[in-house]
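One-letter residues, chain by chain:
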Amino acid sequence: MPDVGLLLKTWRGTRRLSQLALAAEAAVSIRHLSFVETGRANPSRAMVLKLAEVLDVPLRERNTLLLSAGFAPEYPESELDAPGLAAVRDALETILAQQEPFPALVMDRSWDIRHTNTAARRFFAFLQDGQRASAPEPANVLRRMFHPDGVRPHVTNWPEVAEALVRRARREAIGGVLDERAQRILDEVLDYPDVPAHLRVLDATAPVLPIVPIRYERGGRRFAYFSTVTTLGTPQDVTLQELRIECFFPMNDETREHARELAG
């Protein structure tokens, strides 16, 4: 387990804060913060949590900080089907249902698809109907978009979408940090056949468009969607903080018409 001081220093660097700025925000002396980062002083549990809050460290990593300092974790990590999360599941189902007849899905930190609405299942089944194979399981947004047996053959602006997804995976990870499993999946999809080599060295800090349309075509039907991503506000559970809800919205009347035809 890494030393808590080193982890805090790493997070401070990630957030681009000086020791002085962090000390001021957390209301601790810069001398004590320096001692904590160098291992010359052991932080209390309260100080670890305060520094993590100021640094906006994700809940999973806050637990890691506490463990590194010799304390028990603070935040639970529940299974999504746990009885205590019934209200959350109901809320997710409501959001997904409201998006009909347009696709919506719930994914986790590693881009695994946890839930979809009927429209998403119907739409992606339509795109892949008759294909001999499908992208590797479990269902994952990155695998589905990059694998040659996924939806990739039907995305008419795939190079643009692929680049945007890679930037997003690196920039929009929970807390700005890509976890090990998500990194492995990203490395995996970048090794798929015919994926351009330049995607491996993209500058994640470069400006990107706020909306990147995804254009699909299959059997003479064309669809143009853009998506929005929603997270749950102020969660106190690791699982809930890592969920993202992605809703697809039609960009033209043709897409609306075809989506309603599929629903019919």
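Because the structure is a prediction, the values reported are computed rather than measured.

**Some remarks on the side chain of Asn157**
For step 1, the next point in the chain: With respect to the element layout, Asn157 can be found in the loop between helix H8 (141-146) and helix H9 (158-171).
For step 2, the next point in the chain: Taking the relative accessible area as the measure of exposure, Asn157 reaches 11% and is therefore buried.
For step 3, the next point in the chain: Side-chain polar atoms of Asn157 contact the backbone nitrogen of Arg215, separated by 3.0 Å.
For step 4, the next point in the chain: Ignoring sequence-local partners within four residues, the contact set of Asn157 consists of Pro213, Ile214 and Arg215.

**A short note on the pattern of salt bridges**
For step 1, the next point in the chain: Across all of its chains, the model carries 16 salt bridges by this definition.
For step 2, the next point in the chain: Of the charged contacts in the structure, one is a salt bridge between Arg167 and Glu163, with a shortest N-O distance of 3.1 Å. Of the two residues, Arg167 and Glu163 both sit in helix H9, four residues apart, roughly one turn of that helix.
For step 3, the next point in the chain: Under the relative-accessibility criterion, Glu163 is labelled partly exposed at 27%.
For step 4, the next point in the chain: When salt bridges with common partners are traced through the structure, they connect Arg60, Glu61, Glu77, Arg109 and Glu242 into a single cluster.

**Examining the domain arrangement of the chain**
For step 1, the next point in the chain: Split by domain assignment, the chain resolves into domain 1 (2-67) and domain 2 (81-261).
For step 2, the next point in the chain: One C-alpha centre belongs to domain 1, the other to domain 2; they are set 34 Å apart.
For step 3, the next point in the chain: With seven residues of domain 1 at the contact, the number on the domain 2 side is ten residues.
For step 4, the next point in the chain: Summed over both sides, the interface between domain 1 and domain 2 buries roughly 730 Å², with carbon and sulfur atoms accounting for 56% of that surface.
For step 5, the next point in the chain: Three residues, Pro58, Leu59 and Arg60, lead the burial of domain 1 against domain 2; their summed loss comes to 63% of the area buried on that side.
For step 6, the next point in the chain: One can count two salt bridges joining domain 1 with domain 2.
For step 7, the next point in the chain: Glu61 is the salt-bridge partner of Arg109, the closest N and O atoms lying 2.7 Å from each other.

**Some words on the environment of Arg168**
For step 1, the next point in the chain: Mapping Arg168 onto the fold places it in helix H9.
For step 2, the next point in the chain: By relative accessible area, Arg168 is classed as buried at 13%.

**As for the nonpolar core**
For step 1, the next point in the chain: Membership of the largest hydrophobic core comes to 37 residues, with the highest contact counts inside it found for Met145, Phe146 and Tyr216.
For step 2, the next point in the chain: Those elements giving two or more residues to this core turn out to be strand E1 (104-107), helix H7 (118-128), H8, H9, helix H10 (180-190), strand E3 (214-218), strand E4 (221-230) and helix H12 (253-263).
For step 3, the next point in the chain: With six residues, the single largest contributor to this core is H9.
For step 4, the next point in the chain: Apart from the residues lying within four places of it in its own chain, the contact partners of Tyr216 are Phe123, Phe124, Leu127, Met145, Val151, His154, Val155, Arg221, Arg222, Phe223 and Tyr225.

**Considerations on the sheet that holds E4**
For step 1, the next point in the chain: Within the open sheet, the five strands sit side by side as E2-E1-E5-E4-E3. Their pairing is antiparallel. Of all the strands in the sheet, just strand E2 (113-116) and E3 have a single pairing partner and so form its edges. When the angles between neighbouring strand axes are averaged without regard to direction, this sheet yields 30°.
For step 2, the next point in the chain: In terms of strand pairing, E3 meets E4 through five bridges, oriented antiparallel. Residue Tyr216 lies in a different strand from E4, and its bridge partner there is Phe223.

**A closer look at helix H2 (residues 19-26)**
For step 1, the next point in the chain: For H2, the full list of buried residues reads Leu22, Ala23 and Ala26. Along the long axis of H2, the arc covered by the buried residues comes to 100°, so they all point the same way. The exposed residues of H2 that point more than 90 degrees off its buried face are Leu20, Ala24 and Glu25.
For step 2, the next point in the chain: Tucked inside the fold, the buried residues of H2 contact helix H1 (4-14), helix H3 (30-38) and helix H4 (45-54).

Cut-offs applied
Residues numbered from 1 in each chain as written. Predicted model: local features only at pLDDT ≥ 70, side-chain atom pairs only at ≥ 80, totals over all residues. Heavy atoms only, no water. Helix = DSSP H or I, 4+ residues; strand = E, 2+ residues; numbered from the N terminus. Buried < 20%, exposed > 50% of the residue type's maximum accessible area, 1.4 Å probe, protein only. Polar contact = N/O pair within 3.5 Å; in protein donor to acceptor, adjacent residues only side chain to side chain. Contact = heavy atoms within 4.5 Å. Salt bridge = Lys/Arg side-chain N within 4 Å of Asp/Glu carboxyl O. Domains from an automatic or database assignment. Buried area = accessible area lost by both parts, 1.4 Å probe. Core = buried A, V, L, I, M, F, W, Y, C linked by side-chain atoms within 4.5 Å. Pairing = 2+ DSSP bridges. Axes fitted to C-alpha atoms, helices over the stretch in contact; angles between N-to-C directions. Arc of directions from axis to C-beta.

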